[in-house]
Amino acid sequence: MKEGRLKIFYGPMYSGKSAYLIKDILNNIDQSKLVFKPMSDERSEKVYTREGLVFDAIAIDAPSEILDYVEDWVRVIYIDEINFFDGTLVDIVKQVLAMGIDVVVSGLDKDYRNEYFDSSKGIIDYADISVKLKATKFSELRPCSSHFSLTVFAPFITMKSGS
């Protein structure tokens, strides 16, 4: 059996990761697919983007739950916000790939300390296709291009920065 291919869209907040994921889903509309998102991401029950793209997803607590949904008809598995999952996601993705199923994921690569999330680093290292994105906006008034984002919370200050 031919092993599946792994693609990752990763980068900081405001870089369009989920948009790339949804566009990939829509470009492969004829393929039988499953779309997952972490249950701990409580912003929505769907995968969505700031640009208004939305796609239904199955919310899961742990990466191992993905295997409960895999059936013979599945050709591609999509996973949004991989940074919410622990490092066991890497092993689950490898199991799915070994079944001949393609996997496409998106998520933050690094945290506020500029350190890799376990799940992201393992998948970036193993991916057939890695798409590193940069942040595209600082605010509505001041665009920028960054490799990471930092939010500092103080009584009257919110700052996003990067590069």
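Quick note: structure is the one above.
This report concerns the structure included in the present document. (Residues numbered from 1 in each chain as written. Predicted model: local features only at pLDDT ≥ 70, side-chain atom pairs only at ≥ 80, totals over all residues. Heavy atoms only, no water.)

### Describing the packing of aromatic side chains
Throughout the structure, instances matching the rule amount to two aromatic pairs. With a centroid separation of 5.4 Å and an interplanar angle of 35 degrees, the aromatic rings of F9 and Y20 are classed as tilted. Taken together, the positions of F9 in strand β1 (residues 6–11) and Y20 in helix α1 (residues 17–27) put the pair eleven residues apart, joining distant regions of the chain. The class of F9 is buried, set by a relative accessible area of 5%. Y20 gets classed as partly exposed once you look at its relative accessible area, which sits at 40%. Consider the rings of F36 and Y69, whose centres lie 5.5 Å apart with planes at 65 degrees: the pair is edge-to-face. Highlighted residues: F36 in strand β2 (residues 33–38) and Y69 in helix α2 (residues 66–69), separated in sequence by 33 residues. Between K23 and the ring centre of Y20, over which it is positioned, the NZ or CZ distance is 6.0 Å. The ring centre of Y126 lies 4.6 Å from the NZ or CZ of K94, which sits over that ring. (Phe/Tyr/Trp six-rings, centres within 6.5 Å; stacked < 30°, edge-to-face > 60°. Helix = DSSP H or I, 4+ residues; strand = E, 2+ residues; numbered from the N terminus. Buried < 20%, exposed > 50% of the residue type's maximum accessible area, 1.4 Å probe, protein only. Lys NZ or Arg CZ within 6 Å of the ring centre and 35° of its normal.)

### Structural notes on the packing of helix α3 (residues 88–98) against helix α4 (residues 118–126)
When two helices pack together, their arrangement is given by the angle between the helix axes and the distance between those axes. Orientation of α3 relative to α4, taken along the N-to-C sense of each, is 35 degrees, at an axis distance of 8 Å. Contacts between α3 and α4 involve L89, V90, V93, K94 and L97 from the former and D118, S119, G122, I123 and Y126 from the latter. Classifying every residue of the contact of α3 with α4 gives six nonpolar, two polar and two charged. (Axes fitted to C-alpha atoms, helices over the stretch in contact; angles between N-to-C directions. Contact = heavy atoms within 4.5 Å. Nonpolar A, V, L, I, M, F, W, Y, C, P; charged D, E, K, R; others polar.)

In short, the description is geometric, and any link to function would need to be established separately.
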